[in-house]
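Examination of the molecular architecture
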Amino acid sequence: MAREYLEQESIREHSSRRKFFLALFIFFSCISAVLYFTVGKSLDLSKPDDKKLFVIFAVMAGLMLFCTAVQLVASMLPAKNGRNLILPLGETTREEAAEIINREAAEGKILYEGFMNQNTIKKYSDRIAILPSYVLLIREIGQITAIPRDKIYWICAQPGYKGGPYYVRLLIFTEKKLIDFNGNHFEHTEEVAENIYRYIPNVFKDHMAPHELEKLYNENREEFMRLYEQEKQKLREI
């Protein structure tokens, strides 16, 4: 039986997590074995202090190995019923959103899909996908943020932020909150934004800089909405 879209995404996106937890499991196993053979055998379990130390070591080692093994197994399982979805606007349940997303994907209605960084596309798999009902922010760590398209006002690329390496944010203005999605290649992220405008029009084209709109949105939502409706009307008249 073919897997549904969100299940396939969870398996693909969990590949890096599987590698991480497998490496962590091997590391903890090796460290535990080394400590046991170098320190454990030198302890005299007839002595209360040595016995206590050995029990603490055994419990901590066992706990670390167990937690890592559980995470490793969990990263191998597909996420069903929308368990890998994040719904920032809380407009519905994960199960209901997953049903819509899986159905539209099965019908071939993925309107656009773009990676957030062109230069490291094979290593950095964060990407954005647009369906008739949702905009999906698909993250490398296996989580997918699903935002209803009818709740999005506008999306734009905002350069000039530093978070370790230089990066650019894709700002998503919605009716409840501002959501951002990061890349580290400005020209490519700007190209992604331009492609998105086919489905979510850029009502603020040639108007205000992204950081000014972000400030207005956060500090005076009423004024932002007034400006948005005004620019939206201009766009209709073109």
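Scope of this entry: the structure provided in the associated data block. Bear in mind the structure is a predicted one, so any value in this text is a computation, not a measurement. Residue numbering note: each chain is counted from 1, following its sequence as written. In view of the model being predicted, local features appear only for residues whose pLDDT reaches at least 70, and side-chain atom pairs are presented and counted only at 80 or more, with totals across whole chains, interfaces and linings using the full set of residues. Working from all heavy atoms in the structure, the side-chain values ignore hydrogens and water.

What follows is about the environment of Arg127. Assignment of secondary structure puts Arg127 in strand S3 (residues 127-130). Once the C-alpha coordinates of Arg127 and Glu113 are considered, the two residues, 14 residues apart in sequence, prove to be 7.0 Å apart. Here a polar contact means two N or O atoms within 3.5 Å. Within protein one must be a hydrogen donor candidate and the other an acceptor candidate, and residues neighboring in sequence count only if both atoms are side-chain atoms. Within polar-contact distance, the side chain of Arg127 engages the side chain of Glu113 at 2.8 Å. Working definition: helices are DSSP H or I runs of at least four residues, strands are E runs of at least two. Numbering for both runs from the N terminus.

Right, let's get into the packing of aromatic side chains. When two rings of Phe, Tyr or Trp (its six-membered ring) have centres within 6.5 Å they constitute a pair, described as stacked for plane angles under 30 degrees, edge-to-face for angles over 60, and tilted for the intermediate range. Applying the stated criterion across every chain yields a total of nine aromatic pairs. When the centroid spacing of 6.3 Å and the interplanar angle of 45° are considered together, the rings of Tyr153 and Phe224 count as tilted. A residue pair is termed long-range when its members are at least 10 positions apart, and Tyr153 in strand S6 (residues 152-162) and Phe224 in helix H7 (residues 221-237) qualify at 71 residues. Only protein chains enter the accessibility calculation, which uses a 1.4 Å probe. A residue is then buried if its area is under 20% of the maximum for its type, exposed if over 50%, and partly exposed in between. With a relative accessible area of 16%, Tyr153 lands in the buried category. Taken together, a centroid distance of 5.3 Å and an interplanar angle of 80° make the contact between Phe173 and Tyr217 edge-to-face. With Phe173 in strand S7 (residues 166-174) and Tyr217 in helix H6 (residues 210-219), the pair connects residues that are 44 residues apart, well separated along the chain. The pair formed by Phe173 and Tyr217 is uniform in burial state, with each residue classed as buried. Site record: aromatic cluster; members linked through ring pairs are Tyr153, Trp154, Phe173, Phe204, Tyr217, Phe224 and Tyr228.

With mixed pairing, the five strands of this open sheet are ordered in space as S1-S5-S4-S3-S2. Lying at the two open borders of the sheet, with one neighbouring strand each, are strand S1 (85-86) and strand S2 (112-115). Strands pair, by our definition, only if DSSP identifies at least two bridges between them. In terms of strand pairing, strand S4 (residues 134-138) meets strand S5 (residues 144-148) through five bridges, oriented antiparallel. When the sheet's bridge partners are listed, Leu137 is paired in S5 with Thr145. On top of the sheet, helix H4 (residues 94-106) reaches S1, S4 and S5; it is set at about 95° to S4, its chief contact. Only heavy atoms enter the contact rule, under which two residues are in contact if any of them lie within 4.5 Å. Axis definition: a line fitted to C-alpha atoms, over the contacting stretch in the case of helices. Angles run 0 to 180 degrees between N-to-C directions. Running at roughly 170° to S2, helix H5 (residues 186-196) makes contact with S2 and S3 of the sheet.

Next up on the list: the pairing of S3. Of the two faces of S3, the one lined by Arg127 and Ala129 and the one lined by Ile128 and Ile130 are each fully buried. Looking at chain direction, S2 and S3 are connected through four bridges and run antiparallel. Looking across to S3, one finds that Tyr112 is bridged to Ile130. Pairing geometry for S3 and S4, over four bridges, is antiparallel.

Taken by themselves, the reported measurements are silent on function.
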